[in-house]
Amino acid sequence: AAEMVDAVIEGTNACIFAFGSTGAGKTHSMLGPEGGRRQAKQDGILPRAAGELFRRIARLEAEAKAAIGAGGFSAYEVRVSFLEVYCENAFDL
């Protein structure tokens, strides 16, 4: 997902999609064991990608503040949607 985080930092929209039958491990892959409760060594793709995204934003903002003295607001906006598609119906989670 590092390449996806790179693209998001550059302003591209991104999507992570899991598809499979019931019990195939989609939730485990996306969130981690037990639905994503904090277990850093076993985090799924979504917590890892989100953590990396926010770490990079914080680093870029710190570099900008050091270079030009700006601060107090973020030049970045992050919006996230979680959707479930089940039996041809979409549910906003």
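Residues numbered from 1 in each chain as written. Predicted model: local features only at pLDDT ≥ 70, side-chain atom pairs only at ≥ 80, totals over all residues. Heavy atoms only, no water.

A. How the structure looks around the pattern of salt bridges. Per the counting criterion, the structure on display carries four salt bridges. For the salt bridge of Arg56 with Glu52, the shortest nitrogen-to-oxygen distance reads 2.7 Å. Pair noted here: Arg56 and Glu52 are both in helix H3 (residues 45-68), with a separation of four residues, about one helical turn. Given the relative accessible area of 14%, Arg56 is considered buried. In this structure, the salt-bridge partner of Glu77 is Arg79, at a minimum N-O distance of 3.3 Å. Arg79 carries the same exposure label as Glu77, and that label is exposed. (Salt bridge = Lys/Arg side-chain N within 4 Å of Asp/Glu carboxyl O. Helix = DSSP H or I, 4+ residues; strand = E, 2+ residues; numbered from the N terminus. Buried < 20%, exposed > 50% of the residue type's maximum accessible area, 1.4 Å probe, protein only.)

B. Examining the packing of helix H1 (residues 2-9) against H3 more closely. One way to put it is that H1 packs onto H3 with a least axis distance of 10 Å and a crossing angle of 45°. As far as their axial angle goes, H3 and H1 are oblique. For the crossing formed where H1 meets H3, the hand is right-handed. Each of Ala2, Val5, Asp6, Val8 and Ile9 in H1 lies in contact with H3, whose residues at this interface are Ala49, Glu52, Leu53, Arg56, Ile57 and Leu60. Per-class residue counts for the contact of H1 with H3 are eight nonpolar, no polar and three charged. (Axes fitted to C-alpha atoms, helices over the stretch in contact; angles between N-to-C directions. Parallel < 35°, antiparallel > 145°, perpendicular 65-115°, else oblique. Left-handed = near helix turned anticlockwise from the far one by under 90°. Contact = heavy atoms within 4.5 Å. Nonpolar A, V, L, I, M, F, W, Y, C, P; charged D, E, K, R; others polar.)

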